[in-house]
Amino acid sequence: MDDLRIGQGYDVHKLVPERKLILCGVEVPCENGLLGHSDADVAIHALMDALLGAVSGGDIGKLFPDKDPAYAGADSMKLLREVLALPELSAYRLFNCDITIIAQRPKLSPFREAMIKRISETTQWDEKRISVKFTTTEKLGFAGRGEGIAASAVVLLGK
Ligand code: MG
């Protein structure tokens, strides 16, 4: 194995009332949810950009334009499957991925296992190779004020 690829992704979505909060494909009970053209799963958006970045494959904005009605309310796990099926990505296997979700609240750690399981089911990656972490920003900035949630992701691929 001499072709190793690292990729990183980052995304932010705004928190608003009357939307579901979906993170890593798991619905988290909360009075606010993330606003977006798709289901606004900020963590999976960061993960998809990390995967695309690893193979110099552009970004999800290019792949799934938010002007395209086909992606209105789209399930981000379905988009993740589409990304993984791209010829430039399907040649690689995943060593590991590490996702960090940056949110002041709600408390997300009780959902970690469900999130990892959901990613594993969608991608067929071994659960042991998937990391999902959470952090607050000590009430600083937009995440700290509860105006939005950010996520970053790193992947290591190889073939
Ligand atoms: Mg996004």
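Residues numbered from 1 in each chain as written. Predicted model: local features only at pLDDT ≥ 70, side-chain atom pairs only at ≥ 80, totals over all residues. Heavy atoms only, no water.

## Some details on the packing of helix H3 (residues 76-84) against helix H5 (residues 112-123)
Remark: H3 packs on H5, axes separated minimally by 10 Å, with the N-to-C direction vectors making an angle of 45°. In terms of their interaxial angle, H3 and H5 are classed as oblique. Remark: the crossing between H3 and H5 carries right-handed chirality. The segment H3 lies against H5, with Met77, Leu80, Arg81 and Leu84 engaging Arg118, Ile119, Thr122 and Thr123. Across the contact of H3 with H5, the residue classes tally to four nonpolar, two polar and two charged. (Axes fitted to C-alpha atoms, helices over the stretch in contact; angles between N-to-C directions. Helix = DSSP H or I, 4+ residues; strand = E, 2+ residues; numbered from the N terminus. Parallel < 35°, antiparallel > 145°, perpendicular 65-115°, else oblique. Left-handed = near helix turned anticlockwise from the far one by under 90°. Contact = heavy atoms within 4.5 Å. Nonpolar A, V, L, I, M, F, W, Y, C, P; charged D, E, K, R; others polar.)

## Focus on the coordination of the magnesium ion
Coordination of the magnesium ion by the protein comes from Asp11 (OD), His13 (NE2) and His45 (ND1), over a distance range of 2.1 to 2.3 Å. For the magnesium ion, the donor residues sit on a single chain with the sequence spacing D-x1-H-x31-H. Since its relative accessible area comes to 13%, His13 is described here as buried. (Donors = N, O, S within 2.8 Å, 3.2 Å for Na, K, Ca; no water. Buried < 20%, exposed > 50% of the residue type's maximum accessible area, 1.4 Å probe, protein only.)

## Digging into the packing of aromatic side chains
Summed over the entire model, instances satisfying the criterion amount to one aromatic pair. Ring geometry for Phe64 versus Tyr71: centroids 5.1 Å apart, planes at 70°, classification edge-to-face. The exposure class assigned to Tyr71 is buried, which follows from its relative accessible area of 17%. (Phe/Tyr/Trp six-rings, centres within 6.5 Å; stacked < 30°, edge-to-face > 60°.)

## A short note on H5
If you check H5, its first and last C-alpha atoms are 17 Å apart, about what twelve residues at 1.5 Å a residue would give, namely 16 Å. Lining the buried residues of H5 we find strand S2 (22-23), strand S3 (26-27), helix H1 (42-54), H3, strand S5 (93-102) and strand S6 (130-135). (Expected span 1.5 Å × (residues − 1).)

## As for the layout of surface pockets
Of the pockets and cavities examined, the largest pocket occupies roughly 260 Å³. As for the largest pocket, its lining consists of 14 residues, of which Ser38, His45, Ile60, Phe64 and Asp66 are closest to the centre. If you list the elements that add at least two residues to the lining of the largest pocket, you get strand S1 (4-17), H1 and helix H2 (60-63). No other element matches H1, which puts three residues into the lining of the largest pocket. Each residue belonging to the lining of the largest pocket can be placed in one class, and the counts come to five nonpolar, six polar and three charged. Class assignment for the residues of the lining of the second largest pocket results in seven nonpolar, two polar and three charged. (1 Å grid on protein atoms, 1.4 Å probe; cavity = no way out; pocket = protein on both sides within 12 Å on 5 of 7 lines; lining within 4 Å. Points joined across faces, edges and corners; volume = space filled by probe spheres on them.)

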